[in-house]
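So you can see what is in the structure, the chains are spelled out below.
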Amino acid sequence: MARMYFEEDSDLTYLAGQTICIVGYGNQGRSQALNMRDSGLGVIVGSRRDASYQTAIQDGFEVLPVGKAVARSDVIFFLVPDEVMPQIFQQDIAPNLASDNMLVFASGYNIAFDLIEPPSDIDVVLIAPRMIGAGVRDTFLSGEGFPSLVAVHQSATETAFERMLGLCEGIGSTRMGVIESSFLEEATVDLFAEQVGFLYAVRRYCEVLVEAGCSPEAAMLEFYASGEGIETAKAYRDIGLWDQITLHSRTSQYGQEVTSRLSAEEEEAERVRLRAIISHIQDGSFAREWTEEQQAGFPEFNRVRELNMAHQMRASERRLYKVLGRIPDKGQESAG
């Protein structure tokens, strides 16, 4: 079992007198900054003058241009999107780092695939919450906390590990527990979950039901539009993937456990597909492909997005969501 650490393993005194900078005051950055301030840590924000700058000001933080904030800090949380990280690192982070600084990533992507190469005289760690930004704040306030994957990629000081755990305590993650990982492992599981094809699978399920004579509305309600799946997902979280099966009818249990099983040949074929996705991630092929796509101006991304937005199932979904009151029709919008 992977090694886990909790509040009894962490110590905020390793961060005493240190200034923590948040670069990227979005959903994660804002929640983590507020949590650390509530934990008694000294936090400033590095931001360009955009909406997040104003939000940070309103939240009572000192906000500086990114380079100046980094130069003022001992610990830098780098919480901007993966695709813009290398450019911001070269322009604003790297020139302002000092020996023994700590650089904190919430995603393993850029380090795992060598898109960012930090100087050798700083600590480089991973603190990757397995929780959306709003949940990071809400579970901190409730006292529950949330899990994170953590790793020390590079230790230039004698306290990299201890400071990392202190930061985990500051954001509230050691309350539930942090799990020792690596930058490559975090990037692998994160990208794999995004690339297994869940959205296409759900759409495929609905399409074949429609082919069999079911209405698009009935199909979509069954698979996602009703929100029933949210409650099932909570049961996965609370009691486990297979233990939650007893919450369903016996007919449902039989269908899920027996009828839906793949044959040995089908199972192996699916595992071959999934292993290929992992190989494509871990050998750096996906990172190279995504970098080339960005440099070309997102032609394939935009082409596929246009196809998905124009798909007939989405048109049926929009009609259903208007009826359900989730999307106001034009008359309602005008009245509002």
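What this report covers is the structure whose coordinates are included nearby. (Residues numbered from 1 in each chain as written. Predicted model: local features only at pLDDT ≥ 70, side-chain atom pairs only at ≥ 80, totals over all residues. Heavy atoms only, no water.)

A look at the layout of surface pockets
- As a volume, the second largest pocket reaches approximately 310 Å³.
- Taken together, 16 residues make up the lining of the second largest pocket; nearest its centre are Arg48, Asp50, Val66, Val80 and Ile88.
- Of all the elements, helix α4 (residues 85-93) adds the most residues to the lining of the second largest pocket, at four residues.
- Among the residues making up the lining of the second largest pocket, the classes are represented as seven nonpolar, six polar and three charged. (1 Å grid on protein atoms, 1.4 Å probe; cavity = no way out; pocket = protein on both sides within 12 Å on 5 of 7 lines; lining within 4 Å. Points joined across faces, edges and corners; volume = space filled by probe spheres on them. Helix = DSSP H or I, 4+ residues; strand = E, 2+ residues; numbered from the N terminus. Nonpolar A, V, L, I, M, F, W, Y, C, P; charged D, E, K, R; others polar.)

What to know about the packing of aromatic side chains
- Per the counting criterion, the structure on display carries eight aromatic pairs.
- A centroid spacing of 5.7 Å and a plane angle of 55° characterise the contact between tryptophan 290 and phenylalanine 298, whose relative ring orientation is tilted.
- An aromatic cluster is defined as three or more aromatic residues linked by ring pairs; in this entry it consists of Phe78, Phe105 and Phe183.
- Positioned above the aromatic ring of phenylalanine 140, the side-chain terminus of arginine 175 is 4.3 Å from the ring centre. (Phe/Tyr/Trp six-rings, centres within 6.5 Å; stacked < 30°, edge-to-face > 60°. Lys NZ or Arg CZ within 6 Å of the ring centre and 35° of its normal.)

Things to note about the nonpolar core
- Core analysis: the largest hydrophobic core is formed by 32 residues, its most contacted members being Ile22, Met36, Phe77, Ile127 and Leu167.
- Elements that contribute at least two residues to this core include exactly β2 (19-23), α1 (27-38), β3 (42-46), α2 (51-58), β5 (75-78), β6 (102-105), β7 (123-129) and α7 (160-171).
- The leading source of residues in this core is α7, at six residues.
- Residues contacting isoleucine 22, with those up to four places away along its chain left out, are Gly29, Ala33, Met36, Val43, Ile44, Val45, Gly46, Phe77 and Leu79.
- Grouped together as the second largest cluster of nonpolar side chains are 26 residues, Ile44, Ile93, Leu103 and Phe183 included. (Core = buried A, V, L, I, M, F, W, Y, C linked by side-chain atoms within 4.5 Å. Buried < 20%, exposed > 50% of the residue type's maximum accessible area, 1.4 Å probe, protein only. Contact = heavy atoms within 4.5 Å.)

Quick notes on the sheet that holds strand β4 (residues 63-64)
- Here nine strands make up an open sheet; going across it, the order is β1-β9-β8-β7-β6-β5-β2-β3-β4 and the pairing mixed. The open sheet terminates on both sides in strands that have one partner only, identified here as β1 (4-5) and β4.
- As defined by bridge partners, β6 adjoins β7 across four bridges and the pair is classed as parallel. Looking across to β7, one finds that leucine 103 is bridged to valine 124.
- Sheet contacts for α4: β2, β5 and β6; angle to β5, the most-contacted strand, approximately 150°. (Pairing = 2+ DSSP bridges. Axes fitted to C-alpha atoms, helices over the stretch in contact; angles between N-to-C directions.)

Quick notes on the side chain of arginine 137
- Position of arginine 137 among the secondary structure elements: in helix α6 (residues 133-142).
- Residues contacting arginine 137, with those up to four places away along its chain left out, are Ser31, Leu34, Asn35 and Asp38.

Overview of the environment of valine 124
- If you trace the backbone, valine 124 turns up in strand β7.
- Residues valine 124 and serine 155, spaced 31 residues apart in sequence, show a C-alpha to C-alpha distance of 6.6 Å.
- Not counting the four nearest positions on each side in its chain, valine 124 is found in contact with Leu103, Phe105, Ile111, Pro118, Ala151, Val152, His153, Gln154 and Phe183.

Brief notes about the state of the cysteines
- Taken as a whole and judged by the stated rule, the model has zero disulfides.
- With no disulfide of its own, cysteine 206 lies closest to cysteine 214 among cysteine sulfurs, the gap being 10 Å.
- Note on cysteine 206: relative accessible area 1%, which makes it buried.
- Under the relative-accessibility criterion, cysteine 214 is labelled partly exposed at 34%. (Disulfide = S-S within 2.5 Å.)

Some thoughts on the pattern of salt bridges
- The tally for this structure, following the rule as stated, stands at 13 salt bridges.
- One salt bridge connects arginine 237 with aspartate 238, and the closest N-O pair in it is separated by 2.8 Å.
- Look at arginine 237 and you get exposed, because its relative accessible area is 62%. (Salt bridge = Lys/Arg side-chain N within 4 Å of Asp/Glu carboxyl O.)

Here's the deal with a nonpolar patch on the surface
- On the surface, Tyr236, Leu241 and Trp242 cluster together into a nonpolar patch covering about 360 Å² of accessible area.
- By the secondary structure assignment, leucine 241 is in the loop between α11 (228-239) and α12 (250-259). (Patch = residues over 30% accessible without salt bridge, like charges linked within 9 Å, V, L, I, M, F, W, Y side chains within 5 Å. Areas by Shrake-Rupley, 256 points an atom, 1.4 Å probe, with all protein chains shown as cover.)

Let's talk about the packing of helix α10 (residues 216-225) against helix α16 (residues 312-323)
- Axis separation between α10 and α16 bottoms out at 10 Å; the angle between their running directions is 85°. Compared by their axis directions, α10 and α16 come out roughly perpendicular. Residues Pro216, Glu217, Met220, Leu221, Tyr224 and Ala225 of α10 pack against Met313, Ser316, Glu317, Leu320 and Tyr321 of α16.
- Here the residues of the contact of α10 with α16 sort into eight nonpolar, one polar and two charged. (Parallel < 35°, antiparallel > 145°, perpendicular 65-115°, else oblique.)

Details of the pairing of β2
- Taking burial as the measure, the five residues of β2 include four buried ones, the bulk of the element.
- Relative to β3, β2 runs parallel, the two sharing five bridges. Its bridge partner lying in β3, valine 23 is registered against glycine 46.
- Taken together, the four bridges between β2 and β5 define a ladder with parallel strand orientation. Across the sheet, the residue bridging to cysteine 21 is isoleucine 76, located in β5.

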